[in-house]
Amino acid sequence: MVMTSVSGHLLNYAFHPSFRNWTSCNPVELFDAPIEQVCMEESKNIKKTLEREIRSCDGLIIWTDCDREGENIGFEIIEVCKDVKPNIRIFRAKFSEITGPSIFRALNSLEQPNKNVSDAVDIRKELDLRTGAAFTRLQTLRLQKVFPGKLADKLISYGSCQFPTLGFVVDRYLSIENFIPETFWKIKMNHKVKDLTTEFLWGRDRLFDKNSCEAILDICKESNVAKVDSVDSKPKSKWRPLPLDTVEMEKNISRKLKINAKNAMKIAEKLYTQGYISYPRTETNIYPKELNLVNLVEHQTNDTNWGPFAQRILNEGGPTPRVGKKSDQAHPPIHPIKHAPGLTGQEKAVYEYIVRHFLASVHKDAQGYETVVIVDIADEKFTAKGLIILEKNYLDVYIYEKWLGKEINNYEVGDTFTPSTLDLAEGNTSPPKLLTEAELIALMDKHGIGTDATHAEHIDTIKTREYVGLHENTYFVPGTLGMGLVEGYNNIGLQVSLAKPVLRAEFEKDLKLICEGLKDPEIVKREQIERYKAVFQTVMDKILEIDNSLANRLDDRPVPIQNEALTPQDSSRPVMKCPKCGGNMIFKNRKNGVGKYLSCSRYPECKNSGWPSTIIDGVEVLDEHCQNCGPATKKVKMKFRQNPFVGGPNPTILCIGGCDMNVLETLEIALSTVKRSNEEVTSTHANNYRIHENRPSINVNRNVQNSQRINGNRTPRTLPNVMPVTNRNNSMNNFRNANPVNVHGSGNSADNIFCQCDNPADLRTTANGPNKGRKYYKCANSVCNFFLWAPNSSSTPSTSTSSSNNANTTVQCKCNQPAKELTVMKNNHNHGRKFYSCSKPQPGKCDFFKWADEVNENQPTDDNGPWGGGGGGGVSNNWSRSREIGKSKKNNTNHRTKPYQNNKPKVKRKCGICGEEGHTRTRCPNS
């Protein structure tokens, strides 16, 4: 058997990388943002160890702590190991102490892990992540701007357990702050016999009307004789403590040893790992029948302080524990395992408390005899109580409690006497005291805030955030920040304030039902997320209430800001759905800080991305959707460093969903990035238009749409929102170099060709440009982006002439394809100058380059005809001159590298993963 260990959770929930930056999205989006389980950096070596060791094993036994967190950690281990060995057998060992007998008992009774318990922890972790991140970002990002003088460097965190815990402290403080004392009066009476004075308490206790109290006192003084009505004597017991659970241990150690709960738990866990005590995180206060209490008591008989009392327990019949009512069905109550004589300091104090509590809980109650005397004066009743301690029993070892006797005079029924004192006493009501840590833990336990294992953490968090402080190192006092936050949330008018325990308590109840298999985890998660999201929306709408409350408590004037200030600068609200995987496409900042890029929110699983022109300075995703593209595609407001839409506003509102190809062309966004092609829809490289069953079948490669490229430096558009136009020139070149169109049947009639709208396509003819006279199919209603060159249709080439102003002059690149005309955008001496370049996209694009003003010179374009029949490609006679011009423009950023070096073609780049051309390994779709 191979043994190894882990250190807490191996995996933890985290938002997708695109949502982890605090300015990556509006905080409300975190309620629906994708999350993933990631291995934390400090746990990666542990994970590698598990993966290595499991390869040589036939089974896996989980020995993690037998509570919720331990069960969840166990399933994380299972997940890691099953990734390496899917069919490995899984077992669960249940134990509560690190002793030989306990270990062997667990091995002989192996069970299966409890998925329900682990699911409850997963739901809790996810909800805590979503709510904590959303509210923390909202509070921090906003309040740092509203109160820059006092909160600029503060992390203003939120937690669904933190805030109710803070709420308890604030409520107690407010009850003291708002307390109005009242004066009361009562009748004080005593009877002194020799040296013993017996105090009697008035049956009415006190009155808030002085005149009434004085009138009753006058009547009593007129009688001035007290008659004994009853004398009731009976045995009285002081109960020994219940077996020790975590909450009781935290409260008592805090109250009696003055050690805070967090340190108490750390010490207890250390004692547990050293084998001195049982597992310290338990809700059970019932000793199980199989626990050998006699053996545990015997281990303590050698101690010089409590050893004699342990022996006394054995001599007087053995342990007789008191039985509680709680059991978590996982761990027994906290108890000592063995004697630990070498401890010092706080470790010794905590261990001593656990031992004394254990011995007290298995001994006898303290016994006494109580006498209650009731006397009558003018029909007013007065009571005196006396107590005689007969047997201290457990109190002999449990030094943390006292039970004092009270001696009174002897009275018999019917006795009469004259009171020694019969006067009016005045007093004032007093406010409650500030909360101690023990009282705060009791409130958290009562209202279901956190668990026995997390109470100390939540208390420590609100102290670390300076939401609360300690008065006299004992009493909790809220800080000005904590007061302002709680008052603000209370003033918002929520049905259930976030500072109240109701929401979290209901969630904890649901988690218990999940553990018991009585509730579906997914239903609980969905309900809770929607509930907190609705609260978040309300808080956003009334956020000024928090501003005002904090302004009052911080004594500072808030800086007015709008909620829009929370919208991230890189505006990663979803723009549209990813055409590849259905995720969200979002804008993000480039690493160098210049420009934006489009990325799928499911990266790295989905590598769809688009890299628009760097002239984009800012992007804001609007709530308005595009009428042409549908509700999932939002319009964007773009601000440009240099507006490519000459004459249009800057910023301008537009759609990048593919309904307007001019926009995509101008911004240099590939259509495939934002819109799914039909080839991807059918996954069979089918045609990108509809063919009915009884019509001819046509197989066409994708990207056969065509449009003239519109650049901000060429024939610019005045407004972006125009009717859709066809795709770019290089798509036509892709079509030419693709597999030929196979047409079966007539194929030339428009009646046989259907666009994406499922309507007959319109047959049209190109009116100008290099494809003048060539026929193509287009959507008759200009609704969809359907485009298809008509088979067997060719353009009417224009004849090159020596005229420099011939509009039909065609320039061809080395690929024997019409070159595209572009304009220099750089601010240099060539700014605005036009040039020709290969129209193909990268890769496959040749390095042809030609200034447009040189083409218009009075010389032939191509010796071999207008279509460049020569082996050198288009404008072959001028190529050498173009190269020379290129050499002379070395400092020009538009200089093109020569396509051939040493008469050898340039090697095309291939992906380092799949070996295919067209992309690099960082964007490989097959990785």
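Up top you'll find the structure we're talking about.
The structure displayed is predicted, hence computed values, not measured ones. (Residues numbered from 1 in each chain as written. Predicted model: local features only at pLDDT ≥ 70, side-chain atom pairs only at ≥ 80, totals over all residues. Heavy atoms only, no water.)

Peer 1: Can you tell me about the overall build of the protein chain, naming the residues and giving the values?
Peer 2: Scanning the protein chain from N- to C-terminus turns up 24 helices and 30 strands. In the protein chain, which comprises 927 residues, the proportion classed as buried is 48%. Pairs at least 24 apart in sequence give 67% of the contacts found in the protein chain among residues at least 6 apart. (Helix = DSSP H or I, 4+ residues; strand = E, 2+ residues; numbered from the N terminus. Buried < 20%, exposed > 50% of the residue type's maximum accessible area, 1.4 Å probe, protein only. Contact = heavy atoms within 4.5 Å.)

Peer 1: Can you break down the side chain of H191 residue by residue, with the values?
Peer 2: In this fold, H191 is placed in strand β5 (residues 183–193). Excluding its chain neighbours within four sequence positions, the residues that come into contact with H191 are L196, T197, T198, F200, N409, Y411, F417, T418 and S420.

Peer 1: How would you summarise the nonpolar core if you had to cite specific residues and measurements?
Peer 2: Counting residues in each nonpolar core, the largest one holds 114 residues, and the members touching the most others are F135, L359 and V539. Of all hydrophobic cores here, the second largest spans 25 residues; its members include F587, C606, L654 and I669. (Core = buried A, V, L, I, M, F, W, Y, C linked by side-chain atoms within 4.5 Å.)

Peer 1: Which residues make up the environment of E177, and what values go with them?
Peer 2: For E177, the location among the structural elements is in helix α6 (residues 162–177). On the basis of relative accessibility, which here comes to 40%, the residue E177 falls in the partly exposed class. The spacing of E177 and P431 is 254 residues in sequence and 8.7 Å in space, taken between C-alpha atoms. Among the polar contacts made by the side chain of E177, one reaches the side chain of R553 at a distance of 3.4 Å. (Polar contact = N/O pair within 3.5 Å; in protein donor to acceptor, adjacent residues only side chain to side chain.)

Peer 1: Break down helix α9 (residues 261–273) for me, with residues and values.
Peer 2: In a regular helix each residue adds 1.5 Å, so 13 residues correspond to 18 Å; α9 covers 18 Å between its end C-alpha atoms and thus fits that length. Residues of α9 that are buried: A261, A264, M265, I267, A268, L271 and Y272. Taken down its axis, α9 places every buried residue within 165° of arc, on the same side. The inward-facing, buried residues of α9 abut α8 (246–257), α12 (345–361), α13 (437–447) and α14 (455–464). (Expected span 1.5 Å × (residues − 1). Arc of directions from axis to C-beta.)

Peer 1: Provide a residue-level description of unusual backbone geometry, including the pertinent values.
Peer 2: In this model, N650 is joined to P651 through a cis peptide bond whose omega is 10°. Within the secondary structure, P651 sits in the loop between β19 (630–640) and β20 (652–654). Despite not being glycine, D205 shows a phi value in the positive range, around 65°. By secondary structure assignment, the location of D205 is in the loop between β6 (196–202) and α7 (210–223). Unusually for a residue other than glycine, E472 sits at a positive phi of about 55°. By the secondary structure assignment, E472 is in the loop between β12 (468–471) and β13 (475–478).

Peer 1: Any details on the packing of aromatic side chains? Residues and values, ideally.
Peer 2: What the rule picks out here adds up to 23 aromatic pairs. An angle of 65° between the planes, with centres 6.2 Å apart, marks the rings of Y276 and Y351 as edge-to-face. With a gap of 75 residues between them, Y276 in the loop between α9 and α10 (293–298) and Y351 in helix α12 connect regions that are remote in the sequence. Taking the centre distance of 5.9 Å and the plane angle of 70° together, the rings of F640 and F645 count as edge-to-face. Assessed through its relative accessible area of 1%, F645 is described here as buried. Members of the aromatic cluster, joined through ring pairs, are F31, F135, Y158, F163, Y467, Y489 and F536. Positioned above the aromatic ring of W851, the side-chain terminus of R833 is 3.8 Å from the ring centre. (Phe/Tyr/Trp six-rings, centres within 6.5 Å; stacked < 30°, edge-to-face > 60°. Lys NZ or Arg CZ within 6 Å of the ring centre and 35° of its normal.)

Peer 1: Lay out the pairing of β13 with the relevant residues and their values.
Peer 2: Only one face of β13 is buried: it carries F476 and P478, and the other face, with Y475 and V477, is open. When β12 meets β13, the two strands line up antiparallel, connected through four bridges. Each bridged residue has a counterpart across the sheet, and for H471 the counterpart in β13 is Y475. The loop that links β12 with its antiparallel partner β13 comprises three residues; one of these, E472, has a positive phi angle of about 55°. (Pairing = 2+ DSSP bridges.)

Peer 1: Mind laying out the pairing of β19, listing which residues take part and the relevant values?
Peer 2: Of the pairings in the sheet, the one linking strand β18 (residues 616–626) to β19 comprises seven bridges and is antiparallel in character. In the strand pairing of β19, V621 is matched with V636. Hairpin connection from β18 to β19: three residues lie between these consecutive antiparallel strands. Direction of pairing for β19 relative to β20: antiparallel, over a ladder of three bridges. Its bridge partner being in β20, V636 is matched across the sheet by L654.

Peer 1: Could you give an account of the pattern of salt bridges, with specific residues and numbers?
Peer 2: Summed over the entire model, instances satisfying the criterion amount to 41 salt bridges. The closest approach of N and O atoms between K47 and E51, which form a salt bridge, is 2.8 Å. Of the two residues, K47 and E51 are both situated in helix α1 (residues 44–54); the distance of four residues between them amounts to about one turn of the helix. Under the relative-accessibility criterion, K47 is labelled partly exposed at 25%. Between K635 and E624 there is a salt bridge, and its shortest N-O distance comes to 3.3 Å. (Salt bridge = Lys/Arg side-chain N within 4 Å of Asp/Glu carboxyl O.)

Peer 1: Give a detailed account of the side chain of K125, specifying residues and quantitative values.
Peer 2: Within the secondary structure, K125 is located in helix α4 (residues 115–146). According to the relative accessible area criterion, K125 is buried, its value standing at 7%. Looking at K125, its side chain comes within polar contact range of the side chain of E76, at 3.2 Å. Ignoring sequence-local partners within four residues, the contact set of K125 consists of H9, L11, N12, Y13, Q37, N72 and E76.

Peer 1: For the sheet that holds strand β26 (residues 820–823), give the residues involved together with the corresponding values.
Peer 2: By way of backbone hydrogen bonds, the strands of a sheet pair with one another, either parallel or antiparallel. Read across the open sheet, the three strands follow the order β26-β27-β28; overall the sheet is antiparallel. Each of the sheet's edge strands pairs with one partner strand only, and the pair in question is β26 and β28 (849–851). Each strand of the sheet is rotated relative to its neighbour by a mean of 30°, with strand direction disregarded. As paired elements, strand β27 (residues 834–837) and β28 share three bridges and run antiparallel to each other. Bridging across to β28, Y836 finds its partner in K850. (Axes fitted to C-alpha atoms, helices over the stretch in contact; angles between N-to-C directions.)

Peer 1: Explain the sheet that holds strand β23 (residues 762–765) residue by residue, including any values.
Peer 2: As summarised here, the arrangement of the three strands in space is β23-β24-β25, forming an open sheet in which the pairing is antiparallel. The two strands at the open ends of the sheet, each matched to only one other strand, are β23 and β25 (787–789). The average angle at which neighbouring strand axes cross in this sheet is 30°, direction not considered. Across four bridges, β23 lies against strand β24 (residues 775–778) in antiparallel orientation. When the sheet's bridge partners are listed, D762 is paired in β24 with K778.

Peer 1: An account of the packing of helix α15 (residues 480–492) against helix α18 (residues 544–554) is requested, with residue identities and associated values reported.
Peer 2: Think of two packed helices as two axes; the pair is described by the angle between the axes and how far apart they sit. Interaxial distance between α15 and α18 falls to 8 Å at its minimum, and their mutual angle equals 145°. Crossing angle aside, the handedness with which α15 passes α18 is right-handed. In contact with T480, L481, M483, G484, L485, E487, G488, Y489, N491 and I492 of α15, α18 contributes E545, I546, S549, L550, R553 and L554. For the contact of α15 with α18, the class distribution of residues is eight nonpolar, five polar and three charged. (Left-handed = near helix turned anticlockwise from the far one by under 90°. Nonpolar A, V, L, I, M, F, W, Y, C, P; charged D, E, K, R; others polar.)

Peer 1: Could you give an account of the packing of α4 against helix α17 (residues 521–541), naming the residues involved and the relevant values?
Peer 2: At a closest axis distance of 10 Å, the pairing of α4 and α17 adopts a crossing angle of 10°. It follows from the interaxial angle that α4 and α17 lie roughly parallel. Residue-level contacts link D119, I123, E126, L127, R130, T131, A134, F135 and L138 of α4 to P521, V524, K525, Q528, I529, Y532, V535, F536, V539 and M540 of α17. Here the residues of the contact of α4 with α17 sort into 13 nonpolar, two polar and four charged. (Parallel < 35°, antiparallel > 145°, perpendicular 65-115°, else oblique.)

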